[in-house]
Amino acid sequence: MFTNQTPTPQKPSWHVRMLMVAAVLILLALACQNPLESKEAKETRVAEAVQLTLLSDKMGTVEAQQTELAKQTTPGSPTEEPKQVTEAVATSEPTAGQQPNATDTPLPTEAPTPTATESSALDIGSTKEWPQDGMTTVYVPEGEFGMGTNSSAGLPLEKPEHTVYLDAFWIDKTEISNAMYALCIQAGVCNDLGKKSDAERKAYFGEPEFDNYPVIYVSWENAKTYCEWAGRRLPTEAEWEKAARGTDGRLYPWGEDEPTCGLAHYWGFNYYDYWNEKVGKPIGCSNKPAEVDSLSAGASPYGALHMVGNVIEWVADWYVSGYYTDSPESNPTGPSSGSYRVVRGTQGYYQTNVQWITYQGHLYDYGDFRFDLRATTRSYYKPTYLFHDLGFRCAANP
């Protein structure tokens, strides 16, 4: 076992010693036999002999150290730190005419490059890919925003407007698609959908041509299970609204301009048969959902698509009337319990002057339809509800 110690000096080899002794004897003999030599000269010769003896000892020390170093650097054997040996040689006292050995100077090491932390590098426009389902999430920085509205256009459950602080978070850029949800089913985690059609088509989920369309007919529990499988979670209602409207109090995700079919995909029917799920005349932009990555012109300030229109979305919170009046100012997560879950991102319309009609055993509702795509609009459903226009997206912590 090797330790970081200076090797013990050893005596020089026998032939070196013999030569040095002979040289000393000759010098002493010459000093004694020459009667004409002055006293000072004799003393000089004796001093040289003594100096030669000291040199012998020092040569022996250096030779021993070099031998020890050679042993330690033999291939296959452990090596000592070279610095220790270098210091031992350099501190030997030099003899007359001998230059001191320069101590090796360690080469400067390159300073490590600082690695930016995720929080310092992330900002609006940052995205992250998730391996489970291939979803791209967009980054929403921490900070305050105005939640709800005091506008006369707002419904009572949207009031009052209040300031909320949220930590930073990721939110899905798009709604979860049919193809993404199918991956969770294939993994044996999500339940197969009991209904695989939409309001117009008998074949929808599982059909390749609709892989990039939003998954529908999912319960709140279905959505929660999927997000957990994907390594994320359902967004809180506050997170959803901030991701939809930003911090400037805008009316719609894209700003203040009135909705068009180039900004949002709002659609519906002028009546709906709740018993047989039959629909009437389509109104709005289409009679079916749009692809999840369409209409980039209507993106929110953080780049999230279809935050209003297309399909309604489950969020994590329970719904309780009046919660906005005393909700926490920082990172609210909704009431602790309830009978309904909040849904956001109205798919586009509401009815006024509603009339319910039963005809041949079927229940119909009629009314004047108006589209409402404000980012503050909220509603609530039973967690077990399944609808042709109800989907979800996920969120995650940085």
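Provided above is the structure to which this section pertains.
The present account deals with the structure reproduced in this document. (Residues numbered from 1 in each chain as written. Predicted model: local features only at pLDDT ≥ 70, side-chain atom pairs only at ≥ 80, totals over all residues. Heavy atoms only, no water.)

Things to note about the environment of lysine 202
Inference 1: With respect to the element layout, lysine 202 can be found in the loop between α5 (178–186) and α6 (220–229).
Inference 2: Relative accessible area serves as the criterion here: at 80%, lysine 202 is assigned to the exposed category.
Inference 3: Ignoring anything within four residues of it in the chain, the contact list for lysine 202 reads Lys196 and Ser197. (Helix = DSSP H or I, 4+ residues; strand = E, 2+ residues; numbered from the N terminus. Buried < 20%, exposed > 50% of the residue type's maximum accessible area, 1.4 Å probe, protein only. Contact = heavy atoms within 4.5 Å.)

A look at the nonpolar core
Inference 1: By size, the foremost hydrophobic cluster in this structure holds 25 residues, and its most contacted members are Ile176, Tyr181, Val215, Tyr226, Trp314 and Phe392.
Inference 2: When contributions to this core are tallied by element, the ones reaching two or more residues are α5, α6, β10 (312–319) and β15 (390–392).
Inference 3: Of all the elements, α6 adds the most residues to this core, at five residues.
Inference 4: Residues in contact with isoleucine 176, not counting those within four places in the same chain, are Asp133, Met135, Tyr181, Tyr213, Pro214, Val215, Tyr226, Arg232, Phe392, Arg393 and Cys394. (Core = buried A, V, L, I, M, F, W, Y, C linked by side-chain atoms within 4.5 Å.)

Remarks on the packing of α5 against α6
Inference 1: Across the interface, α5 lies against α6 with an axial gap of 10 Å and an inter-helix angle of 80 degrees. Classified by the interaxial angle, the pair formed by α5 and α6 is roughly perpendicular. Of the residues in α6, those touching α5 at Met180, Tyr181, Leu183 and Cys184 are Asn222, Tyr226 and Trp229.
Inference 2: Partitioned by chemical class, the residues of the contact of α5 with α6 number six nonpolar, one polar and no charged. (Axes fitted to C-alpha atoms, helices over the stretch in contact; angles between N-to-C directions. Parallel < 35°, antiparallel > 145°, perpendicular 65-115°, else oblique. Nonpolar A, V, L, I, M, F, W, Y, C, P; charged D, E, K, R; others polar.)

Describing the pairing of strand β3 (residues 143–147)
Inference 1: On β3, burial follows the alternation: Gly143, Phe145 and Met147 on one face are buried, whereas Glu144 and Gly146 on the facing-out side are not.
Inference 2: With five bridges connecting them, β3 and strand β4 (residues 162–166) associate as antiparallel partners. Its bridge partner being in β4, methionine 147 is matched across the sheet by histidine 162. (Pairing = 2+ DSSP bridges.)

Describing the state of the cysteines
Inference 1: Within this structure, the stated rule accounts for three disulfides.
Inference 2: Here cysteine 227 is linked by a disulfide to cysteine 394, with a sulfur-sulfur distance of 2.1 Å. Taking the sign of the torsion about the S-S bond as the criterion, the disulfide between cysteine 227 and cysteine 394, at about -85 degrees, is left-handed. Of the two residues, cysteine 227 sits in helix α6 while cysteine 394 sits in the loop between β15 and β16 (395–396), which places them 167 residues apart along the sequence.
Inference 3: Among the residues examined, cysteine 394 registers a relative accessible area of 0% and is labelled buried.
Inference 4: Covalently, cysteine 261 is tied to cysteine 285 through a disulfide, its sulfur atoms 2.1 Å apart. The sign of the -95 degrees torsion about the S-S bond sets the cysteine 261-cysteine 285 disulfide as left-handed. In this pair, cysteine 261 is assigned in the loop between α7 (237–245) and β6 (267–269) and cysteine 285 in the loop between β9 (282–284) and β10, connecting sequence segments 24 residues apart.
Inference 5: For cysteine 261, a relative accessible area of 41% gives the class partly exposed.
Inference 6: Taking only the cysteines that form disulfides and numbering them from first to last, the protein has the pattern 1-2, 3-6, 4-5. (Disulfide = S-S within 2.5 Å.)

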